[in-house]
Amino acid sequence: MKNDEIVLTLSQKEIMQEFYSIAPTKVIFSKSERQKLWALATKRSANLDLSELRSTCPALEHQIRKSYEEGNNIQSAVFSECAYAQTFANMLKLSLFVNCADDPNFIPLSVVRLIKSFNLVPRYVYSIKDKSRMLIQAGGCGAVDSALVTVINMAVYTIEFKEPGAKASEPDLPLYGENGKIKVTKKFLLDYPQFEAMLNEQKGLNIFNNIGHNITSFSVDSLKVAVANNYINKYANVICTEDVNGYFVMIPANQVDKWAVLEGEIRTAGRNYLKVWTPRALRRLMSQYDPVIDGTTVKLEKSKLETRKQRGGNGKVSGYKITPIFFVYAKDCEDDGTFITFDIEKVRQLKPTIASKMFFKTLKYDGVKTFYQKLF
């Protein structure tokens with residue numbers, strides 16, 4: 001592609017010009033270092049020095065401490081988001097860190113109102129002392145990861161942080177019926193229009209005919225739409241990630257397909273679940289195990305079932321899979337060592353999901369900078 005065919009918005013041009021005028025900077029923790037930190041955090045290891053981490057990446061230290069206090073395991077993606085935000089703050093010399101939970105009034109009201117218009121909820125702030133410029137690490141349903149705000153003229157640049165291999169988004173699909181066929185509703189398409197082209201390519205998809213398999217056959221064009229429109233809807237100007245050498249890189253959010261290999265996926269069994277909504281299908285699929293059924297009480301031979309493991313790497317069995325779609329929690333079972341017995345009303349059914357994914361397999365800082373610098 002020729003440079004004269006590239007189009008950047010004014011916001012993209014301004015933030016990328018500043019970004020690439022700064023010396024190339026490596027992410028404060030490499031991927032392998034983040035993985036080691038994550039392993040220590042999920043194991044509650046005494047070898048993890050939180051006081052040292054607080055001086056290097058205070059947002060990450062707070063996220064880990066918060067997970068300990070709430071008894072939850074921290075997601076590995078949080079490590080990247082915090083490391084990327086701190087790296088960018090270091091590049092911009094935003095040396096003042098504020099946890100919004102500790103100081104909810106730090107951000108000027110005008111800025112709070114501005115970023116709320118982008119559906120952003122402030123979590124952490126990286127600022128200069130006079131508050132004239134701040135990077136706000138944020139959360140929010142359907143929102144981007146952060147916003148860089150110049151307070152004096154209320155200029156705002158919205159930023160998404162993504163690992164080199166990441167999902168753009170992965171919403172739950174509408175529930176299918178006893179026939180297993182996905183029902184694409186008007187509400188879903190209104191909420192997630194970026195997936196319409198991908199779903200049109202999978203009309204008639206039957207979940208029960210694909211149990212244990214994910215659907216990955218999508219055209220390049222439908223994947224481009226899914227990724228690009230995802231960030232349009234989320235008001236993202238740019239995406240920040242890391243290149244093959246660990247350098248922090250910025251690209252326009254609507255030009256991901258120029259730098260990443262795109263993939264798509266319908267997962268027949270996602271992470272979220274509900275009480276069983278296809279009870280006839282459950283009984284039909286459960287019959288392969290020769291169950292003993294008395295009313296709503298079911299008895300199954302445990303050795304025939306796969307187990308679900310508790311998240312966090314401790315290996316503890318949390319449940320049993322009747323199929324990849326249906327499961328029952330171990331706490332809801334009576335276990336005599338050979339058989340498990342449970343109330344069929346306790347079985348849960350996993351929702352299907354759809355996702356678009358990006359993989360920056362060959363991304364290099366110099367290549368991106370050279371590609372865009374003539375536009376600055």
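Residues numbered from 1 in each chain as written. Predicted model: local features only at pLDDT ≥ 70, side-chain atom pairs only at ≥ 80, totals over all residues. Heavy atoms only, no water.

Details of the pattern of salt bridges
Step number 1: In the structure shown here, the tally under the stated rule is 18 salt bridges.
Step number 2: Salt-bridge contacts for Lys-275 lead to Glu-345; the nearest nitrogen and oxygen are separated by 3.2 Å. Taken as a pair, Lys-275 in strand E10 (residues 273-275) and Glu-345 in the loop between strand E17 (339-343) and strand E18 (348-350) lie far apart in primary sequence, 70 residues in all.
Step number 3: We classify Glu-345 as partly exposed; its relative accessible area is 41%.
Step number 4: Taken together, the shared-partner salt bridges in this structure form one network comprising Arg-54, Glu-61, Arg-65 and Glu-69. (Salt bridge = Lys/Arg side-chain N within 4 Å of Asp/Glu carboxyl O. Helix = DSSP H or I, 4+ residues; strand = E, 2+ residues; numbered from the N terminus. Buried < 20%, exposed > 50% of the residue type's maximum accessible area, 1.4 Å probe, protein only.)

With respect to empty space enclosed by the protein
Step number 1: For the structure shown, the criterion picks out two cavities of 30 Å³ or more.
Step number 2: Taken together, Lys-31, Arg-34, Gln-35, Trp-38, Ser-76, Phe-79, Ser-80 and Glu-163 make up the full set of residues lining the largest cavity.
Step number 3: The set of elements that each furnish at least two residues to the lining of the largest cavity consists of helix H2 (31-42) and helix H5 (76-91).
Step number 4: Counted by class, the lining of the largest cavity contains two nonpolar, three polar and three charged residues.
Step number 5: Estimates place the volume of the second largest cavity at around 30 Å³.
Step number 6: Around the second largest cavity, the lining residues are Lys-224, Val-227, Ala-228, Ala-253, Asn-254, Gln-255, Val-256, Asp-257 and Leu-262.
Step number 7: Element by element, the count of residues in the lining of the second largest cavity is highest for helix H9 (residues 220-233), at three residues. (1 Å grid on protein atoms, 1.4 Å probe; cavity = no way out; pocket = protein on both sides within 12 Å on 5 of 7 lines; lining within 4 Å. Points joined across faces, edges and corners; volume = space filled by probe spheres on them. Nonpolar A, V, L, I, M, F, W, Y, C, P; charged D, E, K, R; others polar.)

Observations concerning the sheet that holds E18
Step number 1: A sheet is described by the order of its strands in space; here five strands give the open sequence E10-E18-E15-E14-E13, paired in antiparallel fashion. Each end of this open sheet is capped by a strand with a single partner; those strands are E10 and strand E13 (306-309). On average, each strand axis in the sheet is tilted by 40° relative to the strand beside it, whichever way the strands run. (Pairing = 2+ DSSP bridges. Axes fitted to C-alpha atoms, helices over the stretch in contact; angles between N-to-C directions.)

Some words on the sheet that holds strand E11 (residues 292-294)
Step number 1: Sheet architecture is open: four strands sit in the order E11-E12-E17-E16, paired in antiparallel fashion. Two strands close off the open sheet at either side, each with one partner strand: E11 and strand E16 (334-335).
Step number 2: As paired elements, strand E12 (residues 297-301) and E17 share five bridges and run antiparallel to each other. From the neighbouring strand, Val-298 faces E17, where its bridge partner is Phe-342.

Re the confidence of the model for the chain
Step number 1: Confidence in the prediction for the chain averages 90 pLDDT; 93% of positions are at 70 or higher.
Step number 2: E18 holds the highest mean pLDDT among the elements of the chain, 98, whereas strand E4 (residues 146-150) holds the lowest, 69. (pLDDT = per-residue confidence, 0-100.)

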